[in-house]
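# Chain and residue survey
So you can see what is in the structure, the chains are spelled out below.
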Amino acid sequence: MPDTKEGKLVKALIEKAPYAEGEVIRERRIKFTVPVERIHEFLELASEKFEMLMQISVVDWLKEGQFEVTYQLWSVSESVHAFVKVRIPRDDAKLPTVMDIWPVAETYEREAHEFFGIVFEGNPRLGPFILEPREYEKHPLRKDFNTLSYVKTIYGEDFDRYDESKTNYVI
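All of these numbers come straight from a predicted model, not from anything done at the bench. (Residues numbered from 1 in each chain as written. Predicted model: local features only at pLDDT ≥ 70, side-chain atom pairs only at ≥ 80, totals over all residues. Heavy atoms only, no water.)

Let's shift gears to the sheet that holds strand 4 (residues 66-75). Across the sheet, five strands lie side by side as 1-2-5-4-3; this open sheet has mixed pairing. A strand with exactly one partner marks an edge of an open sheet, and here the two such strands are strand 1 (21-26) and strand 3 (52-61). Neighbour-to-neighbour, the strand axes of this sheet turn through a mean angle of 20°, independent of strand direction. Note: strand 3 against strand 4, nine bridges, orientation antiparallel. Across the sheet, the residue bridging to W61 is Q66, located in strand 4. Packed onto the sheet, helix 1 (residues 5-16) meets strand 1, strand 2 (29-33) and strand 5 (80-89) and runs at close to 170° relative to strand 1. (Pairing = 2+ DSSP bridges. Helix = DSSP H or I, 4+ residues; strand = E, 2+ residues; numbered from the N terminus. Axes fitted to C-alpha atoms, helices over the stretch in contact; angles between N-to-C directions. Contact = heavy atoms within 4.5 Å.)

Set out below in structure tokens:
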């Protein structure tokens, strides 16, 4: 581990949480990979140095049958951005809420739930949020979501959009 503030942060967290893997990506950027059963525990430890949850993002690894959930944290005191990654199965996508650590997580968890179908256990507000009620259970950011079929179901078969040359379907 490099003898930098980033390296020291990684080393300190890994000493407290040896089940996690950590690395320095570059100046002011670090990354951790954590097993799903220990994610809440790790994020509680991380919150001692990382005061802000900036975002929760999701990548759908369709072929692997997994979602990769990334918690993006910011340390105000150290000016370091941390990425905490965890993989969960697509079939039974569940994670514990982190609203008890960072209350702002409510919004990010609701968004991930609505667009990907991930259930954040303990979050009481996982209902319709951004999408219309008819769209709520569709999870449109999953890679297997069929946008064309959805549009035709909602708007009918006559809803066709082509480019100017009438050769390429553009929906």
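Now that the structure has been shown, we can carry on.
A separate point is the side chain of E109. Position of E109 among the secondary structure elements: in helix 3 (residues 105-116). Buried and without a salt bridge, E109 has R110 as its closest oppositely charged side chain, separated by 8.9 Å. Here E109 is in contact with I56, P96, T97, V98, M99, F120, N123 and L126, once residues within four sequence places are set aside. (Buried < 20%, exposed > 50% of the residue type's maximum accessible area, 1.4 Å probe, protein only. Lys, Arg positive; Asp, Glu negative; His and termini not counted. Salt bridge = Lys/Arg side-chain N within 4 Å of Asp/Glu carboxyl O.)

On to the pattern of salt bridges. Per the stated rule, a full pass over the model turns up eleven salt bridges. For R38, the salt bridge is made with E41, and the minimal N-O distance between the two is 2.7 Å. One salt bridge in this structure joins R87 and E68, with 3.5 Å as the shortest N-O distance. Of this pair, R87 sits in strand 5 while E68 sits in strand 4; the two residues are 19 residues apart in sequence, bridging distant segments of the chain. R87 sits in the partly exposed class, given a relative accessible area of 33%. Taking relative accessible area as the criterion, E68 reaches 13% and is therefore assigned buried. What you see here is one network of salt bridges that share partners, running through D60, R90 and D144.

In short, geometric facts, not functional conclusions.
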